[in-house]
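# Examination of the molecular architecture
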Amino acid sequence: MNATDLIAIKRRAVERAIELGAGDVRVVAARRDDESRERMAAAFRRGDLGAWGYGPEYARRATDPATLLPEARSVVCVAVPYATAPPRARGGLRGRVSNYAWSRDYHPRMRALLNAVAREIDEAAGTSATAIACDTRPLAERALAAHSGLGWIGKHTNLISPALGSFVFLGEVVTTLELPADAQSRKSCGSCRRCVDACPTQALRGDYTIDANRCISDLTQRTGDIPANMRPMLGDWVWGCDICQLVCPPTRSAGRKASLDWEPLEGDTARPGLLELLRLRSGTFKRRFRDTAMGWRGAAVLRRNAAVALGNALDRSSVGALIESMRTDPHPMVRGHAAWALGRIGSPAALEALRGQHGNEKDATVRGEIGAALEPFPTR
């Protein structure tokens, strides 16, 4: 296939992606990236992503497109902007959800876009010459996007597009065709460290690395207990966190540029009621959240996060609901976090309930949470 044909195929692929909602599309050569491999491996050695179990084999596979598609020659990198205006919050105790999870889960829509681009390439090439990736397969997509010229990786470790900001979904079409590559961006964050300074948990180090064990987004999505010393820093976030991106100058300048229908499924998806979340059960969870990016973790994680947010709100009107949760929630994790929240509030009713439940609770971990919640309030 000659150079003219390859230029035409690239043009068709880019035009198709833009037609389907991409904000920018670039191409990079599908080479093994030893620098990114070492950076990724170093992060794993430090334990930066300790909750997710990544290791050297993941770093090896993610930084070589040929492990996804043998004889890969090029990667078409696609950025889809999703920033939307936050809905007006209604009254009451409400949590916050990261912008990417307000609407229907982006993975199926991104895969549909990428599959359409892949078909365009395959049809033009007259053969099957592609494979796609969208977050769920080992591929260092931010590094590829940066090498392709889509933008640069910021100090908050997200890709920053000069035109679109950092609120972008990334996806890739790997191909055996040697499509013309684009130039890498020379922009960087320079001396700016607004994201570093704004992070409530100091998860960002300022050297373009992140300790995800301290990241609010990571903490709200993991299963199991949230470390007690981290809970006060979560504020009212119940899924994800956007703070580091909201203060990012290029992202602020880009504004709201969602090119697809990324509006919240309903008004309360972006700012859900905390008392409703605390009582959330499987059936309601599936109806409300199954189609969002929150749908993969289950109702107990959201109940846990709601308990933490209520503890941080320090509003005594939530004590009754938290007592009910501590006594009756079927998941020990949720009961323990409800006990922590009651200790944070520290009202007479909260303390009386904690003392009464301490002897009734059968789970040792929850009893430990109740005991820790009561420590600042010794009985006389």
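Residues numbered from 1 in each chain as written. Predicted model: local features only at pLDDT ≥ 70, side-chain atom pairs only at ≥ 80, totals over all residues. Heavy atoms only, no water.

So, about the overall build of the protein. Per the secondary structure count, the protein includes 17 helices and eight strands. Along the first, second and third principal axes, the C-alpha set of the protein runs to 85 × 40 × 35 Å. Counting every position in the protein, which comprises 380 residues, the buried fraction comes to 53%. Long-range contacts, defined here as pairs at least 24 residues apart, represent 75% of the contacts in the protein between residues at least 6 apart. Summed over its atoms, the accessible surface of the protein is roughly 17100 Å², and 48% of this surface lies on carbon and sulfur atoms. Distance between charge centres in the protein, computed from 54 positive and 42 negative side chains, equals 5 Å. (Helix = DSSP H or I, 4+ residues; strand = E, 2+ residues; numbered from the N terminus. Buried < 20%, exposed > 50% of the residue type's maximum accessible area, 1.4 Å probe, protein only. Contact = heavy atoms within 4.5 Å. Areas by Shrake-Rupley, 256 points an atom, 1.4 Å probe, with all protein chains shown as cover. Lys, Arg positive; Asp, Glu negative; His and termini not counted. Charge placed at Lys NZ, Arg CZ, Asp CG, Glu CD.)

Per the counting criterion, the structure on display carries 19 salt bridges. Salt-bridge contacts for Arg279 lead to Glu324; the nearest nitrogen and oxygen are separated by 3.6 Å. With a gap of 45 residues between them, Arg279 in the loop between α11 (274–278) and α12 (282–289) and Glu324 in helix α14 (residues 319–328) connect regions that are remote in the sequence. Residue class for Glu324 comes out partly exposed when judged on its relative accessible area of 39%. Counted as one network, the salt bridges with shared partners bring together Arg46, Asp48 and Arg205. (Salt bridge = Lys/Arg side-chain N within 4 Å of Asp/Glu carboxyl O.)

Attention now moves to the packing of aromatic side chains. Across all of its chains, the model carries eight aromatic pairs by this definition. Where Tyr54 meets Tyr58, the ring centres are 4.4 Å apart and the plane angle is 35°; that geometry is what we call tilted. On the accessibility criterion, Tyr54 (35% relative accessible area) is partly exposed. The interplanar angle of 85° and the centroid separation of 5.5 Å between the aromatic rings of Tyr82 and Phe167 together place this pair among those described as edge-to-face. One end of the pair, Tyr82, is in the loop between β2 (74–81) and β3 (96–97); the other, Phe167, is in the loop between β6 (159–160) and β7 (168–175), with 85 residues separating them in the sequence. Judged by relative accessible area, Phe167 falls into the buried class, the value being 4%. The rings of Tyr82, Tyr100, Tyr106, Phe167 and Phe169 are connected pair by pair, giving a single aromatic cluster. (Phe/Tyr/Trp six-rings, centres within 6.5 Å; stacked < 30°, edge-to-face > 60°.)

Time to look at the nonpolar core. Core analysis: the biggest nonpolar cluster contains 79 residues, and Leu322 and Leu354 have the highest contact counts within it. Within the second largest apolar cluster, 20 residues are counted, among which are Ala30, Val75, Ala131 and Leu159. (Core = buried A, V, L, I, M, F, W, Y, C linked by side-chain atoms within 4.5 Å.)

Taken residue by residue, α14 has Val319, Ala321, Leu322, Ile323, Ser325 and Met326 as its buried positions. Against α11, α13 (299–313), α15 (332–345), α16 (348–358) and α17 (364–374) lie the buried residues of α14.

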